[in-house]
Amino acid sequence: MAMAIATPLHLPSHIYIFIRSPSPKFSSPMCLMRNKRCKLKCVGGGGEGGGEKKRKKSSAYPFDEIEGRWQQYWEENHTFRTLDPDETQKPKFYVLDMFPYPSGAGLHVGHPEGYTATDILARYKRMQGFNVLHPMGWDAFGLPAEQYAIETGTHPKVTTMRNINRFRTQLKSLGFSYDWHREISTTEPDYYKWTQWIFLQLLKMGLAYQAEVPVNWCPALGTVLANEEVIDGVSERGGHPVVRKPMRQWVLKITKYADRLLEDLDGLDWPESIKEMQRNWIGRSEGAELYFFVLDNDGQEGDSKLFVYTTRPDTIFGVTYLVIAPEHPLLASLTSDSQNVHVENYCDYASRKSDLERTELQKDKSGVFTGAYARNVATGKAIPIWVADYVLGSYGTGAIMAVPAHDARDYDFAIKYNLPIQKVVFPKDGFECAAEKVYTGEGFLVNSSSEGSQLDMNGLSTAEASAKAIVWLEKTGYGKKKVNYKLRDWLFARQRYWGEPFPVIFLQDTGEVVPIPESELPVTLPEIEDFTPTGTGEPPLAKSTYWVNIMDPISGRPAQRETNTMPQWAGSCWYYLRFMDPKNSQALVDKSKERYWGPVDVYVGGAEHSVLHLLYSRFWHKVLYDIGIVSTKEPFQCLINQGMILGEVEYTAFVDKEGNMVSANLVDDESSYHQEKVQENNVLKSGDVYVLKNDQSIRLNARAYKMSKSRGNVINPDDIVDDYGADSLRLYEMFMGPLRDTKIWNTNGVEGVHRFLGRTWRLLVGPPLTDGSYKEGTITVDVEPSHDQLRCLHQCIQRVFEEIEGIRYNTAIAAMMEFVNTAYKWENRPKSVLEKFVLLLSPCAPHIAEELWQRMGHTDSLAYEPWPKAEEQYLKEDMIVLPVQINGKTRGKLNIPTGSDEVEAFSAVIQDKHFDKYLSGKSIRKRIYVPGRILNIIVEQR
């Protein structure tokens, strides 16, 4: 899978949302359905399947003239060049996007969401006086480019550069204030020289080693795949079969940092859900490691032992069978002759599953009896040994003690294969669970004593029993207390060409691993033409014999280079550091620059990378901290996950096998029906649901799906920019809803914010002239603003400040819309007020803001103008709205001066004729007044 860590592009494709009550606007008439058996009369033309909506360029204001001019100005004047620490006394602010994988498809409108959010923050912080680092680069190694090269014969470097150029052009067209002088690509030798340097440090520290490990091998792609690149036993890319097989691989010892990775999460300003995902991935647990003697054919204890790890040593008396992983090293020696074929077939079957598939709780458990038995050390009984794929060889010891009465997976397995179930824990609440139910909670021990083992835990709580069991295991030598982790060491090799070469060689005569001298870095990729898999498991680099076979530069002995390459994760683990000092040829990063810039203040990207990318980056950062390269323990102080933008709502009708349409509310099993897409012009909203316009008894499905080329629902941002301008796209993506929420694209919404920008333009510039052009300058006037005008401005300043600080851009934009609506009612338009409003608008809509700023007589960019500050005197309301109750029931509201006391509030009620019908002729018994909140008048009931 391409390690494109920037955007929602890589979220699961099956996500959808049911739409309950949007207000659709219908497109031009098109054919409703393409099915020949469709019984509706189709309205309008468009041919089979209809056609695309005809786009019309908006003319609300001259954005097409403005935006290109200001983008050129920013580039020519290096407006957003970031100053190094020795050039400024300003405080730093480092805001970073998860950089993208530049695919051939280019951007869709989901990608700019996070980029726009960080750009608003970057522009806002510059205006607040910060030295802002806001860079962009490319995570450009990886499998997609290599697969394209195989399919087309084009070198990956060629397609990668072409894709980068396209992405760069698209990003520049959106007006993002990146410092393009700091642009980096993981594929450039000047960059991956330092990725290789980091690997050498890991090697020196004993954190990089080679091991024979089971991997996800895809013969068709000719490479090892990560677990997340395998879905339902096939490769995510291409849908090719994947099998598990042992291969010698480079592995990084991330487990050595497990406790630090866990502990340091507490100090991070990250979403709690993301921190919890990392905690679960690391999976620290306390328990015991113990062994069971394997019995020989005569039922006697032999030399073989099966070691297991358990977090519940209190349940040792409930162990009725053992389960080992299909890849367990003792499996072959344990399997009896009669079971050999069954076990081999089962292991072959299990090799086609990913670790995730094997451990999913809802999956049906499967396994095979090995024919062997072991002794339960607590009960002395012989228990069978099974092999099952829900146990992983890479976790714990690769074997478990099965306690089916108190573990859901073990219970399901025992029920399926009719294995014994022994209850040993009685629930705390005193109610014994039914015999056919599994109980996984804590309680008190029963059926947990044996004279033979001299262990008695009956009556103890689960915590007390666990402690006693560990003491007994250590005393008898059967086991010991142990801390375990789900986290496994990081498999760090791929059988690919398009990746960072490993900076090591292997001596031909001894096989010894020899690191390349640091002075010889980078080890660059050879230029080869054949990128196809070798079919033998050897990577494509093995074909470049002139590159592989070299002499050791130190000893002069024959040697071979490593032909695996590093995974795409390698370059993305530390790129945030290179942005601090991208041109340094002598060091990964200058220490003074790192001390100034680190850590990243705000990191924005998709939640799909909440575990692996962030965990790997944190691991590398801690290694670099240990060797003195970085000064902070963590790389990213604040993390924000933007929500996904789904495609526009799609309407579908259910059609049965006879071609009849069936209302969606009558469909129980969707798989029994065919779904046909219905065009918008044939849809009618009825309450909270959607129906066919021509047959309103047929309810439709209304869903929004993840944007994908295969669904045909991708919206190209270039089209939106052409039709409405970059500022409209930026503003709409931020106005759709909270940044962190999933949202649904609707092009009609772009038109709405575009009209707002047009109103803003006319507020300052005036209406167009008869020829469609606009007068020079603005219609603002140099007059002293009124108190009401200043109050409106400063309330807007305060709201925009608060909302941007809280990353609530949608409500910040709403506040500016309210300001414009109010300002349109003013008889005059004070320049001093509208100048400050333009500054507020500029982070969200920088092009129009720059143009208006210049038209008001300024010659420099507004990018570094001071951010407006709200003055307290204008934030207080002169009047407040006071709810009035009569005998506890709200009967109306009053506008009263701020600070009114009870007498003044009551007087206002008496003078308002609206309340006469409630008070006239009645005796007032009591008044209850909460200043500024409510007035309740109690009168006699008649």
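Residues numbered from 1 in each chain as written. Predicted model: local features only at pLDDT ≥ 70, side-chain atom pairs only at ≥ 80, totals over all residues. Heavy atoms only, no water.

Q: How do you make sense of unusual backbone geometry when you look at a structure like this?
A: If a residue is not glycine, its phi is most likely negative; likewise, a peptide bond is most likely trans. Here the bond from Leu-521 into Pro-522 is cis, since omega is 5 degrees, no more than 30 degrees from zero. Relative to the elements of secondary structure, Pro-522 occurs in the loop between strand E24 (513-515) and helix H13 (545-548). For the peptide bond that leads from Gly-598 to Pro-599, omega is -10 degrees, which places it in the cis range. Relative to the helices and strands, Pro-599 resides in the loop between helix H16 (591-597) and strand E27 (602-605). Unlike most non-glycine residues, His-78 shows phi in positive territory, near 50 degrees. (Helix = DSSP H or I, 4+ residues; strand = E, 2+ residues; numbered from the N terminus.)

Q: Looking at this model, I keep getting lost on the sheet that holds strand E7 (residues 223-225). Mind explaining?
A: By way of backbone hydrogen bonds, the strands of a sheet pair with one another, either parallel or antiparallel. Pairing is antiparallel in the open sheet, where four strands are placed in the order E7-E6-E10-E22. Strands with a single pairing partner mark the edges of an open sheet, and in this sheet they are E7 and strand E22 (490-491). The pairing of strand E6 (residues 208-218) with E7 spans three bridges and is antiparallel. Each residue of the ladder has a partner; that of Trp-217, found in E7, is Val-224. Docked against the sheet, helix H5 (residues 189-204) engages E6 and strand E10 (243-252), running at close to 90 degrees with respect to E10. (Pairing = 2+ DSSP bridges. Contact = heavy atoms within 4.5 Å. Axes fitted to C-alpha atoms, helices over the stretch in contact; angles between N-to-C directions.)

Q: Is there a simple way to explain the side chain of Ser-453 in this structure?
A: Looking at the secondary structure, you find Ser-453 in the loop between strand E19 (449-450) and strand E20 (455-456). Residue classification places Ser-453 among the buried positions, given a relative accessible area of 11%. With near-sequence residues (within four places) excluded, Ser-453 lies in contact with Phe-317, Val-377, Ala-378 and Trp-472. (Buried < 20%, exposed > 50% of the residue type's maximum accessible area, 1.4 Å probe, protein only.)

Q: What exactly am I supposed to notice about the side chain of Thr-187 here?
A: Looking at the element boundaries, Thr-187 is found in the loop between strand E5 (184-185) and H5. Judged by its relative accessible area of 10%, Thr-187 is buried. At 2.8 Å, the side chain of Thr-187 forms a polar contact with the side chain of Ser-185. Residues within four places of Thr-187 in sequence aside, it is in contact with Ala-140, Phe-141, Thr-160, Tyr-192 and Trp-498. (Polar contact = N/O pair within 3.5 Å; in protein donor to acceptor, adjacent residues only side chain to side chain.)

Q: Even after reading the chapter, I still don't get the confidence of the model for the chain, so can you show me in this structure?
A: Close inspection of predicted coordinates is inappropriate for parts of the model with low pLDDT. Of the residues in the chain, 92% reach a pLDDT of 70 or more, and the chain-wide mean stands at 88. Across residues 1-53 the pLDDT falls below 50, and counting only partners more than four positions away or on other chains, this stretch makes 153 contacts in the model. (pLDDT = per-residue confidence, 0-100.)

Q: For this particular structure, what's the right way to read the pattern of salt bridges?
A: When the charged atoms of two side chains with opposite charge come close together, those side chains can pair. One pass over the full model with this rule turns up 35 salt bridges. Residues Asp-259 and Arg-284 are paired through a salt bridge, measuring 3.2 Å at the closest nitrogen-oxygen approach. With a gap of 25 residues between them, Asp-259 in helix H6 (residues 258-263) and Arg-284 in the loop between helix H7 (272-282) and strand E11 (285-295) connect regions that are remote in the sequence. Take Asp-259: its relative accessible area is 30%, and that puts it in the partly exposed class. On the basis of relative accessible area, Arg-284 is assigned to the partly exposed category, the value being 37%. Residue Glu-272 pairs with Arg-279 through a salt bridge whose shortest N-O separation is 2.9 Å. Residue classification places Glu-272 among the partly exposed residues on the basis of a relative accessible area of 46%. Residues participating in the shared-partner salt-bridge network are Asp-84, Asp-179, Arg-182, Asp-581 and Lys-593. (Salt bridge = Lys/Arg side-chain N within 4 Å of Asp/Glu carboxyl O.)

Q: Looking at this structure, how should I read the packing of aromatic side chains?
A: We describe a pair of aromatic rings using the distance from one ring centre to the other and the angle between the two ring planes. Taken as a whole and judged by the stated rule, the model has 54 aromatic pairs. An angle of 80 degrees between the planes, with centres 5.5 Å apart, marks the rings of Trp-569 and Tyr-616 as edge-to-face. Of the two residues, Trp-569 is situated in helix H14 (residues 569-572) and Tyr-616 in helix H17 (residues 612-626); the sequence distance between them amounts to 47 residues. (Phe/Tyr/Trp six-rings, centres within 6.5 Å; stacked < 30°, edge-to-face > 60°.)

Q: Sorry, what's going on with the environment of Asp-788 here?
A: With respect to the helices and strands, Asp-788 occurs in helix H21 (residues 787-805). As a C-alpha pair, Asp-788 and Glu-562 span 226 residues in sequence and 73 Å in three-dimensional space. At a separation of 3.2 Å, a polar atom in the side chain of Asp-788 contacts the side chain of Arg-791.

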